[in-house]
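# Coordinate analysis (summary)
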Amino acid sequence: EYPFCYTVSAQKEIADTFGGIEKIKDAFSGTAEEVRDNALYMAAAMMRGGEQRERLRCKMYGETYDGPSALTAKELEDVVVTAADMSELMNAVLQAMKAGNEVSVELMPSKKEKATG
């Protein structure tokens, strides 16, 4: 298992590669080979983002990061060998992007209302 996250640094790297955040969706159009290569690149960026996030979290809590190092797009290409593997990778990329773009807000109870619980 690898840390895998659509972090701000991963988003920036991906956006820089594709010419802007609004053009990231274009990475999923084109020839099958282009889509495959783009997905491998994005997955590698998200692995780097996940690893960096975990390393920082460990540093903040005085822990030692003992997880794996992120794979490169070329290494992922060597691991993703079947159509099913590629489908899983694409799904992981899309799910991470969706999760990374979700916004959640917790509201504090107003001063007039008492907190329950």
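Everything here concerns the structure above.
This report concerns the structure included in the present document. (Residues numbered from 1 in each chain as written. Predicted model: local features only at pLDDT ≥ 70, side-chain atom pairs only at ≥ 80, totals over all residues. Heavy atoms only, no water.)

### Observations concerning the overall build of the chain
A count of helical and extended segments in the chain gives 4 helices and 0 strands. Along the chain direction, N to C, the helices and strands of the chain fall in the order α-α-α-α. Sequence separation of at least 24 residues holds for 68% of the intrachain contacts in the chain that already meet a minimum separation of 6. Roughly 8400 Å² of accessible area belongs to the chain as shown, and the carbon and sulfur atoms make up 54% of that amount. (Helix = DSSP H or I, 4+ residues; strand = E, 2+ residues; numbered from the N terminus. Contact = heavy atoms within 4.5 Å. Areas by Shrake-Rupley, 256 points an atom, 1.4 Å probe, with all protein chains shown as cover.)

### Some details on helix 4 (residues 83–101)
In an α-helix there are 3.6 residues to a turn, and that puts residues three or four apart on one side. Here helix 4 is 19 residues long and its end C-alpha atoms lie 27 Å apart, about the 27 Å a rise of 1.5 Å per residue gives. Listed in full, the buried residues belonging to helix 4 are Met86, Leu89, Met90, Val93, Ala96 and Met97. The buried residues of helix 4 occupy an angular sector of 130° when projected down its axis, which confines them to one face. Among the exposed residues of helix 4, those oriented more than 90 degrees off its buried face are Glu88 and Lys98. In the core, the buried residues of helix 4 are packed alongside helix 2 (32–60). (Expected span 1.5 Å × (residues − 1). Buried < 20%, exposed > 50% of the residue type's maximum accessible area, 1.4 Å probe, protein only. Arc of directions from axis to C-beta.)

### Section: the side chain of Glu51
Within the fold, Glu51 resides in helix 2. Relative accessible area serves as the criterion here: at 13%, Glu51 is assigned to the buried category. Among the polar contacts made by the side chain of Glu51, one reaches the side chain of Arg55 at a distance of 2.8 Å. Those residues in contact with Glu51, other than ones at most four positions away along the chain, are Pro3, Tyr65, Pro68, Ser69 and Ala70. (Polar contact = N/O pair within 3.5 Å; in protein donor to acceptor, adjacent residues only side chain to side chain.)

### Some points on the nonpolar core
In this structure, Ile14, Met42 and Met46 are the most contacted members of the largest nonpolar core, which totals 26 residues. Going through the elements one at a time, helix 1 (8–18), helix 2 and helix 4 are the ones with two or more residues in this core. If one sorts the elements of this core by residue count, helix 2 sits on top with 9 residues. (Core = buried A, V, L, I, M, F, W, Y, C linked by side-chain atoms within 4.5 Å.)

### Section: the packing of aromatic side chains
This structure, assessed with the given rule, holds 1 aromatic pair. On the numbers, 6.4 Å between centres and 80° between planes, the contact of Phe18 with Tyr41 is edge-to-face. Here Phe18, found in helix 1, pairs with Tyr41, found in helix 2; they are 23 residues apart in sequence, far enough to count as distant. Classification of Tyr41 by relative accessible area gives partly exposed; the value is 23%. (Phe/Tyr/Trp six-rings, centres within 6.5 Å; stacked < 30°, edge-to-face > 60°.)

### Focus on the packing of helix 2 against helix 4
Their axes nearest at 10 Å, the elements helix 2 and helix 4 cross at an angle of 55°. Of the possible angle classes, the one that applies to helix 2 and helix 4 is oblique. Along this stretch, helix 2 crosses helix 4, giving a crossing that reads as left-handed. Contacts from Val35, Arg36, Ala39, Leu40, Met42, Ala43 and Met46 in helix 2 reach Met86, Leu89, Met90, Val93, Ala96 and Met97 in helix 4. Taken together, the residues of the contact of helix 2 with helix 4 sort by class into 12 nonpolar, no polar and 1 charged. (Axes fitted to C-alpha atoms, helices over the stretch in contact; angles between N-to-C directions. Parallel < 35°, antiparallel > 145°, perpendicular 65-115°, else oblique. Left-handed = near helix turned anticlockwise from the far one by under 90°. Nonpolar A, V, L, I, M, F, W, Y, C, P; charged D, E, K, R; others polar.)

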